[in-house]
Amino acid sequence: MSRQLSRTDNLIQQFDTILRTLVPHAASASRANPAVGTQDAEMTDAERRHAAGLMRINHTGEVCAQALYQGQGATAKLHETREQMEQAAAEEIDHLAWCDERLCELNDRTSYLNPAFYAASFGMGALAGKLGDNISLGFVAATEEQVGRHLDDHMHKLPVGDRRSRAILEQVRTDEAHHERWALEAGGSRFPAPLKFGMRMMSQVMTRSVYKL
Ligand SMILES: [Fe+2]
Ligand SMILES: [Fe+2]
């Protein structure tokens, strides 16, 4: 009976996370928005649209992160690292909420493609989880490495006047580097270059489509 109940609880919790991830403005951060106290300099309309395109990509990246963690959580054993993985997933919720808040400030919206990317990422996370903890943690590390490079690129591409987006991305960058270190220290396998190349190609599909859509 209690096993039945906990499964139901689990399903409800999963469904709640899916809703909080995919419904705009439904996620709330547990930490203060890093942009608090930072003022933007002047931006043209075109610069604001460009900033919104970049922040939409970052928001979708966080949707994918939630889905990866959820997918892994559903299949991985993760006896010793489940708690840390849940902590990392909670930080990704902060990132998701901050990017969403920034898109609102820029009078823009999250991506229409988020449900599709959520589903694809959940599947990849679940597969990695099935393949074992080392693969699962290695997947987190490889993903975070890629996200870190991509955030560095975005911090260069953001309009100079967009100080609030930059403040958010700096904190996100710090958190992602921490997730990568943790995953490797916890025993994550280092993925071979061709696999990382494949992951980079997939993320390019995401960034190109989500910038506009
Ligand atoms: Fe994140
Ligand atoms: Fe992360």
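Residues numbered from 1 in each chain as written. Chains lettered and ligands numbered in written order. Predicted model: local features only at pLDDT ≥ 70, side-chain atom pairs only at ≥ 80, totals over all residues. Heavy atoms only, no water.

Turning next to the overall build of the protein chain. Within the protein chain, the secondary structure is distributed over seven helices and zero strands. Counting from the amino terminus, helix and strand elements in the protein chain follow one another as α-α-α-α-α-α-α. The globule rule puts the C-alpha radius of gyration for 213 residues at 17 Å, and the 17 Å found for the protein chain is close to it. Over its C-alpha atoms, taken along the principal directions, the protein chain stretches across nearly 60 × 40 × 30 Å. Counting across all 213 residues of the protein chain, residues that qualify as buried make up 44%. Each charge class in the protein chain can be summarised by its mean position, and for the 24 positive and 28 negative side chains these summaries are 6 Å apart. (Helix = DSSP H or I, 4+ residues; strand = E, 2+ residues; numbered from the N terminus. Rg over C-alpha atoms; globule rule 2.2 N^0.38 Å. Buried < 20%, exposed > 50% of the residue type's maximum accessible area, 1.4 Å probe, protein only. Lys, Arg positive; Asp, Glu negative; His and termini not counted. Charge placed at Lys NZ, Arg CZ, Asp CG, Glu CD.)

Next up on the list: the packing of helix α5 (residues 133-157) against helix α6 (residues 163-185). Relative to each other, α5 and α6 sit at 155 degrees, their axes nearing to 8 Å. In terms of axis orientation, α5 runs roughly antiparallel to α6. Here α5 runs over α6; the crossing is left-handed. In this structure, α5 contributes Leu137, Val140, Ala141, Glu144, Glu145, Val147, Gly148, Leu151, Asp152, His154 and Met155 to the contact, and α6 contributes Arg166, Leu169, Glu170, Val172, Arg173, Glu176, His179, Glu180, Trp182, Ala183 and Leu184. (Axes fitted to C-alpha atoms, helices over the stretch in contact; angles between N-to-C directions. Parallel < 35°, antiparallel > 145°, perpendicular 65-115°, else oblique. Left-handed = near helix turned anticlockwise from the far one by under 90°. Contact = heavy atoms within 4.5 Å.)

Quick look at the environment of Tyr118 now. For Tyr118, the position within the fold is in helix α4 (residues 114-130). In this structure Tyr118 comes out as buried when scored by relative accessible area, which is 5%. Considering only alpha carbons, one finds Tyr118 and Thr21, 97 residues apart in sequence, at a separation of 8.7 Å. Once residues within four sequence positions are removed from consideration, Tyr118 is found in contact with Ile18, Thr21, Leu22, Val63, Ala67 and Gln70.

A surface patch of nonpolar side chains, about 280 Å² in accessible area, is lined by Phe15, Leu19 and Val23. With respect to the helices and strands, Leu19 occurs in helix α1 (residues 2-22). A relative accessible area of 39% means that Leu19 is categorised as partly exposed. (Patch = residues over 30% accessible without salt bridge, like charges linked within 9 Å, V, L, I, M, F, W, Y side chains within 5 Å. Areas by Shrake-Rupley, 256 points an atom, 1.4 Å probe, with all protein chains shown as cover. Salt bridge = Lys/Arg side-chain N within 4 Å of Asp/Glu carboxyl O.)

This part is about unusual backbone geometry. The phi torsion at Asn107 lies on the positive side, around 55 degrees, for a residue other than glycine. Structurally, Asn107 can be placed in the loop between α3 (82-105) and α4.

Only Glu92 (OE), Glu144 (OE), Glu176 (OE) and His179 (ND1) from the protein coordinate the iron ion (ligand 2), and they sit 1.9 to 2.2 Å from it. Viewed at the metal, the four donor atoms of the iron ion (ligand 2) are separated by angles of 95 to 124 degrees, and the geometry they form is tetrahedral. Distance-wise, the iron ion (ligand 1) is placed 3.9 Å from the iron ion (ligand 2), both being coordinated by Glu92. Taken together, the residues Glu92 in helix α3 and Glu144 in helix α5 connect sequence positions 52 residues apart. Judged by relative accessible area, Glu92 falls into the buried class, the value being 1%. The exposure class assigned to Glu144 is buried, which follows from its relative accessible area of 5%. (Donors = N, O, S within 2.8 Å, 3.2 Å for Na, K, Ca; no water. Tetrahedral: all angles 85-135°; square planar, octahedral: opposite > 155°, others 65-115°.)

Attention shifts here to the environment of Leu68. Inspection of the secondary structure assignment puts Leu68 in helix α2 (residues 45-75). Between the alpha carbons of Leu68 and Ser121 there is a distance of 5.3 Å; along the sequence they are 53 residues apart. Other than its neighbours up to four places away in sequence, Leu68 contacts Ser121, Met124, Gly125, Phe139 and Thr143.

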